[in-house]
Amino acid sequence: SFRSPSKKEPTLNIQNQTFNTYKKMSADVTLENITVKFDEFTAVKDVDITIKGGEFFSFLGPSGCGKTTLLRAISGFQEPSEGRVYIGGNDMAGIGPNKRPTALIFQNLALFPLMTVWENIAFSLEVKGVSKKERRRRADQLLELVALPGQGNKMVNELSGGQRQRVAVARAMAAEPEVMLLDEPLSALDLRLRQHMRTELREIQKRAGITFIYITHDQGEALTMSDRVAVMREGLIEQVGEGTKVYDNPATAFVASFVGENNAFQGTVSVVKTEKVIVSTGSGDLEASLGEDIKLSVGEEAIVFTRPEAMRIVKRNNTIKNVLNSKVVYQEFEGNFWHLILDLKNGMKIKMSQINDGSTQVYEEGSELKVQIDPKLAVALPFGPLAAE
């Protein structure tokens, strides 16, 4: 069973020399037109991307989108049907997993229950014929690195979920990889512990300087930890960028609906301005900013996306743009936010969020409200598939 971290849980406050001992030259990873097929099914389609050395890079997407298949192609467990994988500029064709400068951390961590913590960490060194004394010394160094000093003699089942996660990272680093591959390693942990481990993993990565390639369906993990994020759908990469760019300037309707919460208003473009458009929707005419590098024409189908936090309640709408008449369906309390579920005149339901600053009003079911969508924070994108609920 896992427990949430307590105030006594050690944090990463490690001497730089320990990190420098294991700080290796991290490698670029280039995926050149990678396609992976299984009979008639194409799991990954023509992925072409370079991950920089020392970067924390995440592949984000729903289950079955191809992100784990890509990770297997990088690690050598899956041969691409087309394309090339380069690590540190070297073509990996024909090179097996055990010969690549990578280390893979599995979803279930795969620690050995009958070994002590230090024996787990030093297992790859034992296989290489390193002496027991040297194995123990290097295991202790790595325990310092992951903020578990003095824990080497414990058995794995004596550790918390977060501690086991750190041991898995230390074991992977014992092989001195240039690229660390992580396949949804936090998915089995409870919410509080996952949030705690995000910070721990990111701190380890920054101090060690190793390239991290992280697979997740959890947008919170991807946005908080990553230097860049690639959002995937059905084997394709829809957008690559920093977390703020992916969140604030989604490139496609799928990205807008998958990354964070969004209200989607479908309609037809009626007016095109320099950096704005007006879209005629079933809820009225909505003015929105054009997404970066997005072009729309009059008469084209489009979707206006607006975040729940980018809306506000107004008293009158004589001169204000993007005002919607609504009724309160219900109100949710989430500690730091109040969420209003609103019913529009055309039957569409939308969500609006207000920060809990102590002055937020509680509305009864059926209360009529005028709600404004901030035109600067609304984004218009071409019509396309949305993420599944």
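Scroll up a little and you will see the structure.
Since the model is a prediction, treat every value here as computed from it, not as a measurement. (Residues numbered from 1 in each chain as written. Predicted model: local features only at pLDDT ≥ 70, side-chain atom pairs only at ≥ 80, totals over all residues. Heavy atoms only, no water.)

A. Seen up close, the nonpolar core. Core analysis: the biggest nonpolar cluster contains 39 residues, and Ile105, Ile121, Val169, Met173 and Met180 have the highest contact counts within it. Mapped by element, the contributors of at least two residues to this core are strand 6 (102–105), helix 3 (117–121), helix 5 (132–145), helix 6 (161–174), strand 7 (179–183), helix 7 (191–208) and strand 8 (211–216). Setting aside chain neighbours within four positions, we find Val169 in contact with Ile105, Val146, Met180, Leu201 and Ile204. (Core = buried A, V, L, I, M, F, W, Y, C linked by side-chain atoms within 4.5 Å. Buried < 20%, exposed > 50% of the residue type's maximum accessible area, 1.4 Å probe, protein only. Helix = DSSP H or I, 4+ residues; strand = E, 2+ residues; numbered from the N terminus. Contact = heavy atoms within 4.5 Å.)

B. Spotlight on the packing of aromatic side chains. Taken as a whole and assessed by the stated rule, the structure comprises 6 aromatic pairs. Between the aromatic rings of Phe57 and Phe59, the centroid separation amounts to 5.1 Å while the plane-to-plane angle is 65 degrees, which identifies the pairing as edge-to-face. The structure contains a cluster of three or more aromatic residues connected by ring pairs, namely Phe56, Phe212 and Tyr214. The ring of Tyr247 carries the charged tip of Arg307 above its face, separated from the ring centre by 3.8 Å. (Phe/Tyr/Trp six-rings, centres within 6.5 Å; stacked < 30°, edge-to-face > 60°. Lys NZ or Arg CZ within 6 Å of the ring centre and 35° of its normal.)

C. Main features of unusual backbone geometry. Even without being a glycine, Asn33 presents a positive backbone phi close to 50 degrees. Summarising the element assignment, Asn33 is placed in strand 1 (residues 29–38). Phi is positive for Asn322, close to 60 degrees, though the residue is something other than glycine. With respect to the helices and strands, Asn322 occurs in the loop between strand 15 (311–314) and strand 16 (323–333). Taking relative accessible area as the criterion, Asn322 reaches 6% and is therefore assigned buried.

D. Geometry of the pattern of salt bridges. Throughout the structure, instances matching the rule amount to 16 salt bridges. Between Arg233 and Glu238 there is a salt bridge whose closest N-O contact spans 2.8 Å. For Glu238, a relative accessible area of 18% translates into the label buried. Residues joined by salt bridges that share partners form a network here, namely Lys273, Lys276, Glu287 and Lys321. (Salt bridge = Lys/Arg side-chain N within 4 Å of Asp/Glu carboxyl O.)

E. Structural detail: the side chain of Arg164. Tracing the chain through its elements places Arg164 in helix 6. Buried within the structure, Arg164 lacks any salt-bridge partner; Glu158 is the closest side chain of opposite charge, at an N-O distance of 10 Å. A polar atom in the side chain of Arg164 sits 3.5 Å from the backbone oxygen of Val156. Polar side-chain contacts of Arg164 include one of 3.3 Å to the backbone oxygen of Leu159. (Lys, Arg positive; Asp, Glu negative; His and termini not counted. Polar contact = N/O pair within 3.5 Å; in protein donor to acceptor, adjacent residues only side chain to side chain.)

F. Layout of the pairing of strand 18 (residues 349–355). Burial runs high along strand 18: 5 of the 7 residues are buried. Examined bridge by bridge, strand 17 (residues 337–344) and strand 18 share 7 bridges and lie antiparallel to one another. Among the inter-strand pairings, Trp338 is bridged to a residue of strand 18, identified as Gln354. Turn length for the strand 17-strand 18 hairpin, with the two strands adjacent in sequence and antiparallel, is 4 residues, and the turn residue Gly347 shows positive phi of about 90 degrees. (Pairing = 2+ DSSP bridges.)

G. Summary view of the packing of helix 6 against helix 7. Where helix 6 contacts helix 7, the axes come no closer than 10 Å and their chain directions differ by 25 degrees. Between helix 6 and helix 7, the crossing angle belongs to the class labelled roughly parallel. Taken as a pair, helix 6 and helix 7 cross one another with a handedness that is right-handed. Contact residues: helix 6 offers Gly161, Gly162, Gln165, Arg166, Val169 and Met173, while helix 7 offers Leu193, His196, Met197, Glu200, Leu201, Ile204 and Ala208. Residues of the contact of helix 6 with helix 7, tallied by class, amount to 7 nonpolar, 4 polar and 2 charged. (Axes fitted to C-alpha atoms, helices over the stretch in contact; angles between N-to-C directions. Parallel < 35°, antiparallel > 145°, perpendicular 65-115°, else oblique. Left-handed = near helix turned anticlockwise from the far one by under 90°. Nonpolar A, V, L, I, M, F, W, Y, C, P; charged D, E, K, R; others polar.)

H. Up close: the sheet that holds strand 10 (residues 236–241). Read across the sheet, 6 strands follow the order 6-7-8-3-9-10 without closing on themselves; strand pairing throughout is mixed. Both edges of this open sheet fall to strand 6 and strand 10, since each of them pairs with a single strand only. Strand-to-strand twist in this sheet, taken as the mean axis angle between neighbours without regard to direction, amounts to 15 degrees. Bridging between strand 7 and strand 8 involves 5 bridges; their strand directions are parallel. Its bridge partner lying in strand 8, Asp183 is registered against Ile215. With respect to the sheet, helix 6 is in contact with strand 6 and strand 7, its orientation differing from that of strand 6 by roughly 160 degrees.

I. Up close: the environment of Leu223. Mapped onto the elements, Leu223 comes out in helix 8 (residues 219–225). The sequence separation of Leu223 and Gly243 amounts to 20 residues, and the corresponding C-alpha distance is 4.9 Å. Once residues within four sequence positions are removed from consideration, Leu223 is found in contact with Gly243, Tyr247 and Val259.

J. Quick peek at the layout of surface pockets. Counted as a void, the largest pocket has a volume near 700 Å³. As for the largest pocket, its lining consists of 25 residues, and the residues nearest its centre are Thr102, Ala103, Leu104, Ser124 and Ala175. Elements represented by at least two residues in the lining of the largest pocket include exactly strand 6, helix 4 (123–127) and helix 6. When residues of the lining of the largest pocket are assigned to their parent elements, the largest contribution, 4 residues, is made by strand 6. (1 Å grid on protein atoms, 1.4 Å probe; cavity = no way out; pocket = protein on both sides within 12 Å on 5 of 7 lines; lining within 4 Å. Points joined across faces, edges and corners; volume = space filled by probe spheres on them.)

K. Just helix 2 (residues 67–75), in detail. Among the 9 residues in helix 2, 7 count as buried, and that is most of the element. Those residues of helix 2 lying buried are Lys67, Thr69, Leu70, Leu71, Ala73, Ile74 and Ser75. Phi for Gly76, located one or two positions after helix 2, is positive at around 100 degrees.

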